Amino acid sequence: ERGQVESQIRMSSPRYAALTQPQPLSAKDIQQMLDGDTLLLEYSLGEKRSYVWAVTQNDVKAYELPGRAEIEKAAGEVYKILTPPESAVVQSDSQRKAEFNQKADALSQLILKPVANDLGNKRLVIVADGILQYIPFSVLPKPQTAKLNGQPARDSKTDIAANQVPLIYDHEIVNLPSASTLAVIRRETGGRKPAPKAVAVIADPVFETSDLRLLSVNGRSSLAASNQAASDSLSQARENLTRGGSFKRLYGTLKEAKAIEELTNPAERFIAKDFDADLKRATSAELSQYRIIHFATHGVLDGDNPNLSALVFSLFDKLGKPQNGYLYLHDIYKLNLPAELVVLSACDTALGKEFKGEGLVGLTRGFMYAGAPRVMASLWKVGDEPTAKLMREFYRYHLKDGLPPAAALRQAQIKLYQDSDWNAPYYWGSFVLQGEWK
């Protein structure tokens, strides 16, 4: 029955089938997609043993790794440090970083040490499996391959132990759902003319009845109470999506919008903020005129039912009336966004243990199906202030210095890593780039 359904999908929607059920490629086909500066690492976790394939233009190597349980335990410990529950007592930065260095080094030895001699300074394209999809490889330390007098080797650029230098220092890192997905992306976007304008930003929506912007609509402090009853129609959907959470204003997203505004001229940009950051503008056909689409808002991911994963935009209009602000996954598939890059600067994705990550993959693939060859998104609940700083640096490197998105993200993450206030991996490591690196 499943085979019949998949056949029907391929007949009725071949583009959707190609992206979500890509046909496997041969090793030779995969090699032909790579350039001389790129190494593809593809993981497969198994019960008794796992594997990683290291693929370049000229070579294919396979290495045996420990079984799934051992890798899941090590990766789970790393992810737990990166994403502590809000109700837990969070360690000081120094304690948390020390524990992270220990756990991340152990994971790196498991999954990266076998390929250490293949890494060089190449771009790393990661096709992860299972729990490894939660781990941004950028935060993992370089695998320790040598010791001097019984001590870890040291990195000349940082003068710290080599097993504490993150991969991002020497490697541009890109993620893919599968190597076959890249072939689909290139086939769909090959020869496509770039959109005429630079960047469209949807940022800083109005979520709560207590928002001062909403209170000032009619100049009455009682507006929140009067609108509470009217907003009851949204409460069930909100409860389902947030699982009891709430949408707080994200002041950092306004900083992101201003940073992008400073780097572009008025004719090249479109910025919708406050009440204008609504669902209508987020799904407007006008967005197809821009090479970059930047959504700076809350994201909600549902691993039980990925179709309920969504981005959240203004839940009230300029008159203070409640409105639908949820851009669900099934709506994303209907968009026409031939952008070069979609950035999901969603500061409350909360990719928790119970969600299993399917939602994030769903949103990413949704935007790829809508036409974007690359999507930048977060793997956990990201802080408002460090995210604003990371995005400001990313766009400076991309728009001002002209670096490709993957290279610009790497430089932005290194910038935060070198900042003593934000060098902990949970501040800068959440965002990953999926898709095309060229």
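Residues numbered from 1 in each chain as written. Predicted model: local features only at pLDDT ≥ 70, side-chain atom pairs only at ≥ 80, totals over all residues. Heavy atoms only, no water.

Novice: Explain the overall build of the protein to me, please; I cannot follow it from the model alone.
Specialist: Each helix and strand in the protein was counted, giving 17 helices and 15 strands. The proportion of buried residues among the 438 residues of the protein is 54%. A separation of at least 24 residues holds for 72% of the contacts in the protein among residues at least 6 apart in sequence. Summed over all atoms, the accessible surface of the protein reaches about 19,600 Å², with 48% contributed by carbon and sulfur. (Helix = DSSP H or I, 4+ residues; strand = E, 2+ residues; numbered from the N terminus. Buried < 20%, exposed > 50% of the residue type's maximum accessible area, 1.4 Å probe, protein only. Contact = heavy atoms within 4.5 Å. Areas by Shrake-Rupley, 256 points an atom, 1.4 Å probe, with all protein chains shown as cover.)

Novice: I'm lost on the packing of aromatic side chains in this one. Help?
Specialist: The way to describe two aromatic rings as a pair is by their centre distance and the angle between their planes. Enumeration over the complete set of coordinates arrives at 16 aromatic pairs. Ring centres of Phe207 and Phe247 lie 5.8 Å apart, and the angle between their planes is 45 degrees; on these two criteria the pair is classed as tilted. Taken together, the residues Phe207 in the loop between β8 (197-203) and α8 (212-215) and Phe247 in the loop between α10 (232-242) and α11 (251-263) connect sequence positions 40 residues apart. Residue classification places Phe207 among the buried residues on the basis of a relative accessible area of 2%. Considering the side-chain rings of Phe247 and Tyr326, the 6.4 Å spacing of their centres and the 55 degrees angle between planes classify their relative orientation as tilted. In this pair, Phe247 is assigned in the loop between α10 and α11 and Tyr326 in strand β12 (residues 326-328), connecting sequence segments 79 residues apart. Residue class for Phe247 comes out buried when judged on its relative accessible area of 2%. On the basis of relative accessibility, which here comes to 1%, the residue Tyr326 falls in the buried class. Three or more aromatic residues joined by ring pairs form one cluster here, namely Phe207, Phe247, Tyr326 and Tyr328. Sitting above the plane of the Trp437 ring, Arg186 keeps its charged end 5.1 Å from the centroid. (Phe/Tyr/Trp six-rings, centres within 6.5 Å; stacked < 30°, edge-to-face > 60°. Lys NZ or Arg CZ within 6 Å of the ring centre and 35° of its normal.)

Novice: I keep staring at the environment of Val165 and nothing clicks. Help me out?
Specialist: Tracing the chain through its elements places Val165 in the loop between β6 (151-152) and β7 (173-175). With 23 residues separating them along the chain, Val165 and Lys142 place their C-alpha atoms 6.0 Å apart.

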